[in-house]
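Chain by chain, the residues:
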Amino acid sequence: MEKSSKKRGRPMLWVLTAILTLGVLAAAAYFTVFHINHFSLELVLTGEPKVLLEYGDSYTEPGVTPVLRGTMFLKDGYTPGNLEIRRETDLNEGKLGKYTITYCAEWLNCQASAQREIRVIDTEAPTITLTEDPEGSLEEGVIYQEAGFTATDNYDGDITDRVVRTEEPGLVTYAVTDSSGNPAVAKRKIPMRDMVLPEILLEGGEDYVITLGTRYEEPGFTATDNVDGDVTAMVQVEGEVDWLTAGTYPITYTVADSCENTAVVTRNVEVVTQPWQDTVYPEGKVVYLTFDDGPSAYTEQLLDVLDDYGAKATFFVVGSGSGRMMKQIVNRGHSIGIHSVSHDYGQIYSSPEAYFDDLMRMQSIIYDNTGVKTTLMRFPGGSSNLVSRKSCEGIMTFLTQAVQDAGFQYFDWNVYSGDAGETKKTEKVVDNVIEGIEQHRVSIVLQHDIHSYSVDAVEDILRWGKRNGYRFLALSPDSPGFHHDLNN
Ligand code: ZN
């Protein structure tokens, strides 16, 4: 009986125990899940939380990963599948600024969010474009005329009006900054152009006159440039003057400065002729005694004889002659004329220039000794000489004209004494001269006062001449020249 009562009480215990156990378990599970196991949902950003996006580039979403944290049942970091992630943003790629992307997700009452900051920035500098200057360079002292420029920015667009321009000699600087502070600078170099030509100053002027026969010597010049200074040494002189032929000869002077400004100046050298001397024949019977190749040791004696007879003569002197005697000749009232410095046929007749050099030198020697600038002259060998043909064909034809164009009067002779080799006898010289004089009303007698036998003949000639009514005169520029027929 007891057994049966016991058996009756057992099911009751079992049910009670089961209910109690289930209750404890449920409470434990609830406690575990909702109180001890605080799991959460997290959104993990892929990529940087702060993104700099260059203006013009497109934002590429790197994404977020939802992960579970703190669950006892799932591995930490578990990513629930098919979880919808909402993405909210105010991002405007077309405008610089700071933007936020907000990511949100929910899972089993868990909510998660994450944020990413996007900055749309502009780091690209503006571009300054300079209009090419057609001039290329700038004239000295002139204000630069801006050829033009533009400035554009990838974000701001045309920012030309924001360009700050600064000008200094030879350089214009253009600076601009875009709204993001990106600077740009452009420089325009302006080569300073010197437009000012050098200045050539001609000493003696641009119209320069010389007398035929006067060797043209450069009268001189200077050239200065506003930048280069003295450029005289760089002057190119071109042109030639034929100083033995009348005419106008341009001489050009050219100089360029370092900027290739070229100045050209022309000097017109005019070679002018002197009027030819009109010949005046003297009245009555006249003898012009002429003595070549001196003065010599016999000249003083000759001058004395001439004085004794009140006669005047003409001396065509040479370079080796005594200057003191030249002075005596002049002082005692005779005429002095040019013969030659060297009396070297080969040299003086080698060219017209050589002849004139000799002629002018002799004129100068005479002038230095006597103060007389004589224009009387006699060609060595006379104008009819043949010897010059060996040196220069046709030179006498040229010279006989040229010396007269140069203002000289040349004298040949119509009476030859024969004292230059034909005879050395005084009597013969006297005879030759008297015979010659007799044939002319007006005579020019050629003798050489370097020969004593010829000088000794003069007294007899004078005596005879005086007795026969001749006047012995010195040549003057208008005296008859008795020019020979030319042979060369
Ligand atoms: Zn001579």
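Because the structure is predicted, anything quoted here is derived from the model rather than measured.

Brief notes about the overall build of the protein chain
Then, number 1: The helix and strand inventory of the protein chain stands at ten helices and 29 strands.
Then, number 2: For 488 residues, the compact-globule formula gives about 23 Å, and the C-alpha radius of gyration of the protein chain, at 63 Å, lies well above that figure.
Then, number 3: In terms of principal-axis extent, the alpha carbons of the protein chain reach across some 225 × 40 × 35 Å.
Then, number 4: Counting across all 488 residues of the protein chain, residues that qualify as buried make up 41%.
Then, number 5: Counted over contacts in the protein chain with a minimum sequence separation of 6, partners at least 24 positions apart contribute 64%.
Then, number 6: Just so you have it, the protein chain exposes about 26200 Å², and 52% of that area is on carbon and sulfur atoms.
Then, number 7: A distance of 15 Å separates the average location of the 40 positive side-chain charges in the protein chain from that of its 72 negative side-chain charges.

Details of the side chain of Ser 296
Then, number 1: Here Ser 296 lies in the loop between β22 (286-292) and α2 (299-308).
Then, number 2: Of note is the side chain of Ser 296, whose polar atom sits 2.6 Å from the backbone oxygen of Asp 449.
Then, number 3: When neighbours within four sequence positions are excluded, Ser 296 is seen to be in contact with Met 325, Asp 449 and Ile 450.

With respect to helix α5 (residues 352-370)
Residue pairs spaced three or four apart in an α-helix point in one direction, given the helix's 3.6 residues per turn.
Then, number 1: Compared with the 27 Å implied by 1.5 Å per residue over 19 residues, the 27 Å span of α5 between its first and last C-alpha is a close match.
Then, number 2: Looking only at α5, the buried set comprises Pro 352, Ala 354, Tyr 355, Phe 356, Asp 358, Leu 359, Met 362, Gln 363, Ile 366 and Thr 370.
Then, number 3: Just past α5, the residue Gly 371 takes up positive phi, approximately 80°.

Some thoughts on the pattern of salt bridges
Then, number 1: One pass over the structure, following the stated rule, counts 16 salt bridges.
Then, number 2: Ionic pairing is found between Glu 300 and Arg 324, a salt bridge with its closest N-O pair at 3.9 Å. In this pair, Glu 300 sits in helix α2 while Arg 324 sits in helix α3 (residues 323-331), placing the two residues 24 residues apart along the sequence.
Then, number 3: For Arg 463, the salt bridge is made with Asp 460, and the minimal N-O distance between the two is 2.9 Å. Taken together, the residues Arg 463 and Asp 460, both in helix α10 (residues 458-467) and three residues apart, mark about one turn of the helix.
Then, number 4: Residues joined in a network through salt bridges with shared partners are Glu 146, Arg 165, Glu 167 and Arg 188.

What about the packing of aromatic side chains?
Then, number 1: Counted under the stated rule, the structure contains 14 aromatic pairs.
Then, number 2: Each ring, one from Trp 243 and one from Phe 356, has its centre 6.2 Å from the other, and the planes form 85°; the classification is edge-to-face. Of this pair, Trp 243 sits in the loop between β19 (236-238) and β20 (247-256) while Phe 356 sits in helix α5, and the two are 113 residues apart along the sequence.
Then, number 3: Residue classification places Trp 243 among the buried positions, given a relative accessible area of 5%.
Then, number 4: Both rings, one in Phe 316 and one in Phe 411, keep their centres 6.3 Å apart while their planes meet at 35°; by these two values the pair is tilted. In this pair, Phe 316 is assigned in strand β23 (residues 313-318) and Phe 411 in the loop between β26 (409-410) and β27 (415-416), connecting sequence segments 95 residues apart.
Then, number 5: The buried category is assigned to Phe 316, whose relative accessible area is 0%.
Then, number 6: Residue classification places Phe 411 among the buried residues on the basis of a relative accessible area of 0%.
Then, number 7: Of the aromatic side chains, those joined through ring pairs into one cluster are Trp 243, Tyr 345, Tyr 349, Tyr 355, Phe 356, Phe 379 and Tyr 410.
Then, number 8: When the ring centre of Tyr 208 is taken as origin, the NZ or CZ atom of Arg 267, which lies over that ring, is 5.5 Å away.
Then, number 9: Over the ring of Tyr 470 we find Lys 285, and its NZ or CZ is 4.5 Å from the ring centre.

Some details on the coordination of the zinc ion
Then, number 1: Distances from the zinc ion to its protein donors, namely Asp 293 (OD), His 339 (NE2) and His 343 (NE2), fall within the range 2.2 Å.
Then, number 2: In the primary sequence, the donor residues of the zinc ion line up as D-x45-H-x3-H.

Overview of unusual backbone geometry
Then, number 1: With an omega of -5°, the peptide bond running from Gly 294 to Pro 295 counts as cis.
Then, number 2: Mapping Pro 295 onto the fold places it in the loop between β22 and α2.
Then, number 3: Its identity as a non-glycine residue notwithstanding, Glu 260 has a phi of 65°, on the positive side.
Then, number 4: Following the sequence through the fold, Glu 260 ends up in the loop between β20 and β21 (262-272).
Then, number 5: The phi torsion at Phe 482 lies on the positive side, around 45°, for a residue other than glycine.
Then, number 6: Note that Phe 482 resides in the segment after β29 (471-472).

Topic: the sheet that holds strand β16 (residues 207-211)
Then, number 1: Strand order in the open sheet formed by four strands is β16-β21-β20-β19, with mixed pairing between adjacent strands. Each edge of the open sheet is held by one strand with a lone partner, namely β16 and β19. This sheet shows a mean twist of 20° between the axes of neighbouring strands, independent of strand direction.
Then, number 2: Alignment of β19 against β20, held across three bridges, turns out to be antiparallel. Opposite Val 237, over in β20, you have Tyr 253 as the bridge partner.

Things to note about α2
Then, number 1: Considered for burial, the residues of α2 that qualify are Thr 299, Leu 302, Leu 303, Val 305 and Leu 306. Here the buried residues of α2 occupy an arc of 160° about the axis, which is enough to place them on one side.
Then, number 2: Where α2 is buried, its residues contact β22, β23, α3, α9 (452-455) and α10.
Then, number 3: After α2 finishes, the residue Gly 310 shows a positive phi value of roughly 60°.

Observations concerning the environment of Phe 356
Then, number 1: With a relative accessible area of 0%, Phe 356 lands in the buried category.
Then, number 2: Each C-alpha atom of the pair Phe 356 and Ala 406 lies 9.8 Å from the other, and the pair is 50 residues apart in sequence.
Then, number 3: Apart from residues lying up to four places away in sequence, Phe 356 is in contact with Leu 212, Gly 213, Trp 243, Leu 244, Leu 399, Ala 402, Val 403 and Ala 406.

Examining the side chain of Ser 340
Then, number 1: With respect to the element layout, Ser 340 can be found in strand β24 (residues 335-340).
Then, number 2: Setting aside its immediate chain neighbours within four residues, Ser 340 contacts Val 317, Val 318, Gly 319, Ile 348, Asp 358, Met 362 and Pro 380.

What counts and what doesn't
Residues numbered from 1 in each chain as written. Predicted model: local features only at pLDDT ≥ 70, side-chain atom pairs only at ≥ 80, totals over all residues. Heavy atoms only, no water. Helix = DSSP H or I, 4+ residues; strand = E, 2+ residues; numbered from the N terminus. Rg over C-alpha atoms; globule rule 2.2 N^0.38 Å. Buried < 20%, exposed > 50% of the residue type's maximum accessible area, 1.4 Å probe, protein only. Contact = heavy atoms within 4.5 Å. Areas by Shrake-Rupley, 256 points an atom, 1.4 Å probe, with all protein chains shown as cover. Lys, Arg positive; Asp, Glu negative; His and termini not counted. Charge placed at Lys NZ, Arg CZ, Asp CG, Glu CD. Polar contact = N/O pair within 3.5 Å; in protein donor to acceptor, adjacent residues only side chain to side chain. Expected span 1.5 Å × (residues − 1). Salt bridge = Lys/Arg side-chain N within 4 Å of Asp/Glu carboxyl O. Phe/Tyr/Trp six-rings, centres within 6.5 Å; stacked < 30°, edge-to-face > 60°. Lys NZ or Arg CZ within 6 Å of the ring centre and 35° of its normal. Donors = N, O, S within 2.8 Å, 3.2 Å for Na, K, Ca; no water. Pairing = 2+ DSSP bridges. Axes fitted to C-alpha atoms, helices over the stretch in contact; angles between N-to-C directions. Arc of directions from axis to C-beta.

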